[in-house]
Every structure is written in C-alpha cells, then in structure tokens.
Amino acid sequence: MRQKRPPRAGSAGGSKAAKAASRKAAPVAAEQADKAKKTAPATAARDRQRVVTVTDIADAVGVSRATVSLVLRGSPLVHADTRARVEAELKRQRYVYNRGAANLRRRTSTSVALVINDLANPFFAEFAAGVDEALGEQGYVTLLGSTGESPARQQAVLGSLMEHTPAGVILSPAEGSDAAELHTVLDARANVLLFNRELAGADDWGFLGLDNQRGAQLATEHLIALGHRRIAFYGGHADSISCRQRRAGHAQAMRQAKLPVDPAWLIESAPNRLEAAARHGELFAHDAPPTAAVCYNDTVALGLMLGLLARGIRPGQDFAVTGFDDIPEAAVSTPALTTLAAQPRARGRQAAQLVLAQLDAGAAPRSTIAPVTLCVRESSGARIG
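What counts, and at which threshold
- Residues numbered from 1 in each chain as written.
- Predicted model: local features only at pLDDT ≥ 70, side-chain atom pairs only at ≥ 80, totals over all residues.
- Heavy atoms only, no water.
- Pairing = 2+ DSSP bridges.
- Helix = DSSP H or I, 4+ residues; strand = E, 2+ residues; numbered from the N terminus.
- Axes fitted to C-alpha atoms, helices over the stretch in contact; angles between N-to-C directions.
- Contact = heavy atoms within 4.5 Å.
- Buried < 20%, exposed > 50% of the residue type's maximum accessible area, 1.4 Å probe, protein only.
- Salt bridge = Lys/Arg side-chain N within 4 Å of Asp/Glu carboxyl O.
- Right-handed = clockwise from strand over helix to strand, strands pointing away.
- Parallel < 35°, antiparallel > 145°, perpendicular 65-115°, else oblique.
- Nonpolar A, V, L, I, M, F, W, Y, C, P; charged D, E, K, R; others polar.

Caption draft 1: Looking closely at the sheet that holds strand β5 (residues 206-210). Strand order across the open sheet formed by six strands is β2-β1-β3-β4-β5-β11, with parallel pairing between neighbours. Only two strands of the sheet have a single neighbouring strand rather than two, namely β2 (141-146) and β11 (367-370). Shown here is a sheet whose adjacent strand axes are inclined to one another by a mean of 15°, direction ignored. Bridge count between strand β1 (residues 111-116) and strand β3 (residues 168-171): four bridges; the pairing is parallel. Within the sheet, the bridge partner assigned to Ala113 lies in β3 and is Val169. Its contacts with the sheet put helix α7 (residues 151-162) on β1, β2 and β3, and the angle it makes with β2 is roughly 155°.

What follows is the structure, given as structure tokens:
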C-alpha cells in the first residue's frame, strides 16, 4: 500500500497551507503596523525631549568630553578651529548648559540673588539697576525676586532662588520679617547682605543701611531754619524699622529746637503715591494744622504734593515738603522736591561689592551705614514769618 507523500513546495497542497498561514498573519501584521503608527509620534516626542549631553556633542565632533567642557567654560586652551566645530554642533543639537549642575560640581556659582521688598518703588528700581551693573562687571548675573512687603511671599521667593545655589543673596527685608524664619530658608553658610532694614538675630549676615535718623533730622532742621514750628512727619508705617529711625531723627530736631511733636502730626500711610495723596486731609483735621511735612520718602512726598494741589494748597509756597531718597523724578517734579540724596544706584553697586568682597576675599560680614545729604529745591521754599 502506497503511503501518501507530504505535498511538495509549490504543490497545490503547499500553496493552500501557505495561503492559510498568510491569511492568519495578515491581521497580526496589520495590528503591529497600526501600533507602530500610533507609537511613532510618542517615540519622536521622547527623542525630541531627550536631553542632549556633553557626550553627544563630543561623539558628533570627534573630540573628548573634556574638550567640550572647556569650550562651554570659555577656556582659551581650545584651538580656534576645534572651538568653532564644537560651538556649531552645540547650536545644531540645541544643547542647553545646565549651569546649576555645573555649580554643584565646582561648588561655585556665577549668580547672586537680589530680593526687593517693593520693586514698584523707583528707589528700589534704581538700587536694583546698580546691583546688576556691578555684578555684571564681575561676570555675575542677577536673579531678581520681589516680595511686595509680604514675609510669606519672601520665604517662597527665597526658597525658589536658593535652588539655583547663588553665590550670594542681597535682601531688602519685607516689613515684619523674622530672622529666625529667614534662617530656615537661607543656608547657614549663605553669603547674605541685608539692605535698608536691620533684623534682630541676623548678626551673621552683612548689612548696608542709610543714615535714616540723621537724614530726617537734617530735613527737619532745614524747615525749622525757614521759620516752621508745626512740622508733621508724613507717611510710612510706624512698625517699620526705617520709618522709626526717620521719625526719631525728626523728633530729635524738634526737641533740640524746643518744639512739640503733636501725635496728630504723625500720619501713617503706605509708602506709595496713591495712599499718600488720599490721606493728606488728615494733616488739616485739627485747628492750627502743620505748615510743613518731612515725608518718609520721595514717593510719599510726591503723593502729598498732589493731594495739597487738589486742596488748593501750593507746595513750596503755601506748605513746605521734603522727601527722602532723591529718586530721578524728584529733580523734575513741580515744584522740584527738596530731599535727602541717598544715591540709590550707587547704593546698589555698593551692596554688590560688599557681597562679592565676602565671597572673593572671605571678608567677614559687617554693618555699613551710607551717609545722606540734604538737597534743597523749591518744594521747601515756603518761609514762615
């Protein structure tokens, strides 16, 4: 009895089996192709999001990782042709230098954090410009933050900036700041300089301040010399350290001239133009109102002058006004503002230099008080008697 042979390749039986297998495989292949189409965009996105490394650049150019690192640091040791090829590849692959990681490796940083309590105040805008100028001249960049006088916001801003491991921190503290809270977010080894407001318990940090008390005393003495006897202190918050110091200077000059300081003449307001203008009526709420005002700062003084004009009182003619800071606008206001020149841009440069001195030379943190000078202009021209 003859046995049946298996179908030869190419035979009818073999062809049928192949076709059946093909029919079974077709759906699988189609499904795989469909999956590939669906996953292709995600794969491409991952490829685009992949961080380009120094190794990628080195392999593409055919140089060592050390050579690429030298180019990134601007080292003069790399040949010009090699530098050009590396820089072209960096640009082509859109390499982003992770400065934070590099700082951690080298334990250095080329940034300084600057945190301002009121960036809307022109004084602090000038101060920040001075800081940035001085830092830039030494190859540092400024990391800027603003707290809007909120201690809670201050903690958040400082916490975020400290993640960049800055080489130093220049901080103009918000009203109500607490040194113990600040220490929780600022590393104990942090190179910190406080500006404008001293804080109890911050002896391990440097301080740069203005001669607030002496400045307000000079302004008050100037008004007394013009014949004024009822002189208000206008603006600022009484619990602010700088406001307390300026009020103390005003009171000292009044005492030395044997003149009273009426509590009704100590008017508080936020240190901005709008509120200063809105509260000017409080100066005239009682009999025998003051004839002059020493203002907390220039912004307050400019606001007060607007309020006086709205009341029909001419600053510099019917009522004398002085400011504090000498912001650029003070000289061109109408009338030009008598003020204490604190040179905010120069103070910013000084703050940067103090921080860098602590960093580069290992100088111990110290307290520095910058002098102020009286700049007499038309706003105090009202003479009594």
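Caption draft 2: Spatial organisation of the pairing of β11. The side-chain alternation of β11 yields one buried face, formed by Thr368 and Ala370, and one unburied face, formed by Ser367 and Ile369. With four bridges joining them, β5 and β11 adopt parallel strand pairing. Each bridged residue has a counterpart across the sheet, and for Gly209 the counterpart in β11 is Ile369.

Caption draft 3: Quick look at unusual backbone geometry. A cis amide bond links Thr334 with the next residue in sequence, Pro335, at an omega value of -5°. Assignment of secondary structure puts Pro335 in the loop between β9 (320-322) and β10 (339-341). Phi is positive for Glu149, which is not a glycine, with a value near 65°. Its location among the elements puts Glu149 in the loop between β2 and α7. When its relative accessible area of 22% is taken as the criterion, Glu149 is described as partly exposed. Even without a glycine there, the phi angle at Asp326 is positive, about 60°. Considering the arrangement of structural elements, one finds Asp326 in the loop between β9 and β10.

Caption draft 4: Highlighting the pattern of salt bridges. In total, this model carries 12 salt bridges according to the counting rule given. With a shortest N-O distance of 2.9 Å, Glu137 and Arg349 are connected by a salt bridge. Here Glu137 is found in helix α6 (residues 122-137), whereas its partner Arg349 is found in helix α13 (residues 344-360), with 212 residues between them in sequence. Residue Glu137 is classed as exposed on the basis of its relative accessible area, which comes to 53%. Glu282 is the partner of Arg279 in a salt bridge, and the nearest nitrogen-oxygen pair spans 2.7 Å. Looking at Arg279, the relative accessible area reads 29%, which means it is partly exposed. Here the salt bridges do not stand alone but share partners, grouping Glu126, Glu133, Glu137, Arg345 and Arg349 into one network.

Caption draft 5: Just the environment of Leu77, in detail. Mapped onto the elements of the fold, Leu77 is located in the loop between α3 (65-72) and α4 (80-92). Separated by 10 residues in the primary sequence, Leu77 and Thr67 have C-alpha atoms spaced 9.0 Å apart.

Caption draft 6: Focus on the pairing of strand β8 (residues 292-295). Judged by which residues are buried, β8 turns out to be covered on both faces: Ala292 and Val294 on one side and Ala293 and Cys295 on the other are all buried. Judged from the four bridges that link them, strand β6 (residues 231-234) and β8 form a sheet pairing that is parallel. Residue pairing for β8: Tyr234 is matched across the bridge by Cys295. Summarising the sheet, β8 and β9 pair through three bridges and their orientation is parallel. When the bridges of β9 are listed, Ala292 appears paired with Ala320. With helix α12 (residues 298-310) bridging β8 and its parallel neighbour β9, the resulting β-α-β unit is right-handed.

Caption draft 7: Local environment of the packing of α3 against α4. Across the interface, α3 lies against α4 with an axial gap of 10 Å and an inter-helix angle of 85°. In terms of orientation, α3 lies roughly perpendicular with respect to α4. Along the contact surface, α3 presents Thr67, Val68, Val71 and Leu72, while α4 presents Thr82, Arg83, Val86, Glu87 and Leu90. Among the residues making up the contact of α3 with α4, the classes are represented as five nonpolar, two polar and two charged.

Caption draft 8: Examining the sheet that holds β9 more closely. If you walk across this open sheet you meet the four strands as β7-β6-β8-β9, and the pairing is parallel. Only two strands of the sheet have a single partner each, and these edge strands are β7 (266-267) and β9. On top of the sheet, helix α9 (residues 212-225) reaches β6, β8 and β9; it is set at about 165° to β8, its chief contact. Across the sheet, helix α10 (residues 241-256) is in contact with β6, β7 and β8; its angle to β6 comes to roughly 175°.

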